[in-house]
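# Working through the structure, step by step
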Amino acid sequence: MLAHGVGDRQDLPISVFYAYAGAFAALFVSFLALGLLWPESRFSAAAGRPLPAWLRRVVDGRVLRRSLRVAGLAGAALVLGHLLLGPDDPDRNPAPGAIYVVLWVGLVPASLLFGPVWRLLNPLRTLHLLLCRALRRDPDAGGRPLPSRLGFWPAAAGLTAFTWLELASPEPASRTTLLTFITGYAIAHLLAAARYGSAWFARGDAFEVYSALLGHLSPLGRGPQGRLVLRHPFHSLDAVPQLPGLAATACVLLGSTAYDGFSATPSWIDTLQTSPLGRTGAATLGLLAAIAAAAALFTLCTSAARLISGARLNSDGLNSDALISTRKAGSRAFAHSLLPIATGYLIAHYFSLFATEAPRTVTLAYGTDNPPPAA
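Residues numbered from 1 in each chain as written. Predicted model: local features only at pLDDT ≥ 70, side-chain atom pairs only at ≥ 80, totals over all residues. Heavy atoms only, no water.

Along the chain, the regular secondary structure elements total 17 helices and three strands. Expressed as a percentage of contacts within the chain between residues at least 6 apart in sequence, the contacts between residues at least 24 apart total 80%. (Helix = DSSP H or I, 4+ residues; strand = E, 2+ residues; numbered from the N terminus. Contact = heavy atoms within 4.5 Å.)

The pairing of strands in a sheet happens through backbone hydrogen bonds and is either parallel or antiparallel. The antiparallel open sheet is built from three strands, whose spatial order is E1-E3-E2. Edge positions in the open sheet fall to strand E1 (49–50) and strand E2 (220–222), since each of these has one partner strand only. (Pairing = 2+ DSSP bridges.)

This structure, assessed with the given rule, holds 11 aromatic pairs. Considering the side-chain rings of Trp-104 and Tyr-210, the 4.4 Å spacing of their centres and the 15° angle between planes classify their relative orientation as stacked. Of this pair, Trp-104 sits in the loop between helix H4 (95–103) and helix H5 (107–114) while Tyr-210 sits in helix H11 (residues 206–215), placing them 106 residues apart in sequence. With a relative accessible area of 1%, Tyr-210 lands in the buried category. An aromatic cluster is defined as three or more aromatic residues linked by ring pairs; in this entry it consists of Tyr-100, Trp-104, Phe-162, Phe-181, Tyr-185, Phe-207 and Tyr-210. (Phe/Tyr/Trp six-rings, centres within 6.5 Å; stacked < 30°, edge-to-face > 60°. Buried < 20%, exposed > 50% of the residue type's maximum accessible area, 1.4 Å probe, protein only.)

With that settled, the discussion passes to the environment of Ala-365. Within the secondary structure layout, Ala-365 lies in helix H17 (residues 338–366). The exposure class of Ala-365 is buried, given its relative accessible area of 7%. When the C-alpha positions of Ala-365 and Asn-93 are compared, they lie 7.6 Å apart, and in sequence the two are 272 residues distant.

With the rule as written, the count across this model stands at seven salt bridges. Arg-65 is the salt-bridge partner of Asp-60, the closest N and O atoms lying 3.2 Å from each other. Residue Asp-60 is classed as partly exposed on the basis of its relative accessible area, which comes to 27%. Linking Arg-222 and Asp-60 is a salt bridge whose minimum nitrogen-to-oxygen distance equals 2.5 Å. Here Arg-222 is found in strand E2, whereas its partner Asp-60 is found in the loop between helix H2 (53–59) and helix H3 (62–85), with 162 residues between them in sequence. By relative accessible area, which is 34% here, Arg-222 ends up partly exposed. One network of salt bridges, in which partners are shared, links Arg-56, Asp-60, Arg-65 and Arg-222. (Salt bridge = Lys/Arg side-chain N within 4 Å of Asp/Glu carboxyl O.)

A word on the nonpolar core. Formed by 67 residues in total, the largest nonpolar core has its most connected members in Trp-104, Phe-162, Phe-207 and Tyr-210. Top contributing element to this core by residue count: helix H12 (residues 246–262), with eight residues. Residues in contact with Tyr-210, not counting those within four places in the same chain, are Trp-104, Leu-107, Val-108, Leu-159, Leu-253 and Leu-346. (Core = buried A, V, L, I, M, F, W, Y, C linked by side-chain atoms within 4.5 Å.)

Turning our attention to a nonpolar patch on the surface. Residues Trp-54, Val-58 and Leu-64 make up a contiguous nonpolar surface patch of about 290 Å² in total accessible area. Along the chain, Trp-54 falls in helix H2. (Patch = residues over 30% accessible without salt bridge, like charges linked within 9 Å, V, L, I, M, F, W, Y side chains within 5 Å. Areas by Shrake-Rupley, 256 points an atom, 1.4 Å probe, with all protein chains shown as cover.)

At their nearest, the axes of H3 and helix H7 (residues 123–134) sit 9 Å apart, and the two run at 110° to each other. What the angle tells us is that H3 and H7 run roughly perpendicular. For the pair formed by H3 and H7, the contact residues are Arg-69, Gly-72, Leu-73 and Ala-76 on the first element and Pro-123, Thr-126, Leu-127, Leu-129 and Leu-130 on the second. When the residues that make up the contact of H3 with H7 are grouped by side-chain class, the tally is six nonpolar, two polar and one charged. (Axes fitted to C-alpha atoms, helices over the stretch in contact; angles between N-to-C directions. Parallel < 35°, antiparallel > 145°, perpendicular 65-115°, else oblique. Nonpolar A, V, L, I, M, F, W, Y, C, P; charged D, E, K, R; others polar.)

Let us look at the packing of H12 against H17. At their nearest, the axes of H12 and H17 sit 9 Å apart, and the two run at 25° to each other. It follows that H12 is roughly parallel to H17 by the angle criterion. Pair H12 / H17 crosses with left-handed handedness. Counted together, Ala-250, Cys-251, Leu-253, Leu-254, Thr-257, Asp-260 and Gly-261 of H12 and Leu-338, Ile-341, Ala-342, Tyr-345, Leu-346, His-349 and Tyr-350 of H17 form the full contact between these two elements. Of the residues contributing to the contact of H12 with H17, the split by class is 10 nonpolar, three polar and one charged. (Left-handed = near helix turned anticlockwise from the far one by under 90°.)

Bringing the side chain of Asn-122 into the picture now. You can see Asn-122 is positioned in the loop between helix H6 (118–121) and H7. Here Asn-122 falls in the buried class, since its relative accessible area comes to 1%. The contacts of Asn-122, once residues within four sequence positions are left out, are Phe-201, Asp-205 and Glu-208.

Below you can see the structure in the form of structure tokens.
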């Protein structure tokens, strides 16, 4: 089994040096241009062309929303059924493909087209809702308010854990490995939701945050008073919450994708096979190093952009408010601009994997030779 969770994929024929050099150039030039020419956002989260009222009634209606919740629960039950009762062979069991391909990779096009779809499909959010109703509790009310300082840090940690599972764990496609991860993940988030209420999922659930951030690039969005609108995808970037951990979340997406591509090179495969740390130890260090490199590159570019643009504003004699805003802008002020870059990398890197493995996963799940077990 390769370092990737399931299957294989072919990347563009370009060396690692040129890939990282291109990434550095793109980030530096983009942030420098933003700092010099665009110190204040020209996008508006309220922009967009309103869609027909009947379409909003369908999208916001109970029938569609309940159907999506049921579909999310049914999909989770099907995956668990295959993990519990299916063969411990990823070539015959569709569960690894459902998790690593249909969910992880499939959320990219789904969120880009329709917005934060995982919010309604999320089986953990639905389970929390059902448990609260059974206990006659308000699902939005927890024992304590969600601390603002947490921001997206739990989601960043969850994404790091999942990418480690996929790219560095000893047996990423093993039934035992996946069952252990899913069980621990579900218990942790249900307990957190019981403590902080359903607002936890929007900040702490790695997959819901992943889908929501990508959903900001969707042409479908919400305008004033919650109206469904058709918009320029970049307009909603202005509405990305600038919370702690946003930059870290984006850097995890960039770094893990970069490591996945690098892990297929012959030199790194030789390193994994000969490292005294063993494959898992070396792969873990490699993954963390790639994420740290993405964070360091981002910090370097934002710092340089703030320094140069601050000097430019000062020499041009612009108002002091703009100068202070530019100099004090933290990494969060630029973090949302990483989302289009991360999305482009995800699509370019995983398109072939999704195109080949998603149909295979569906065939395994519903093929006549391998009927799905009862959950």
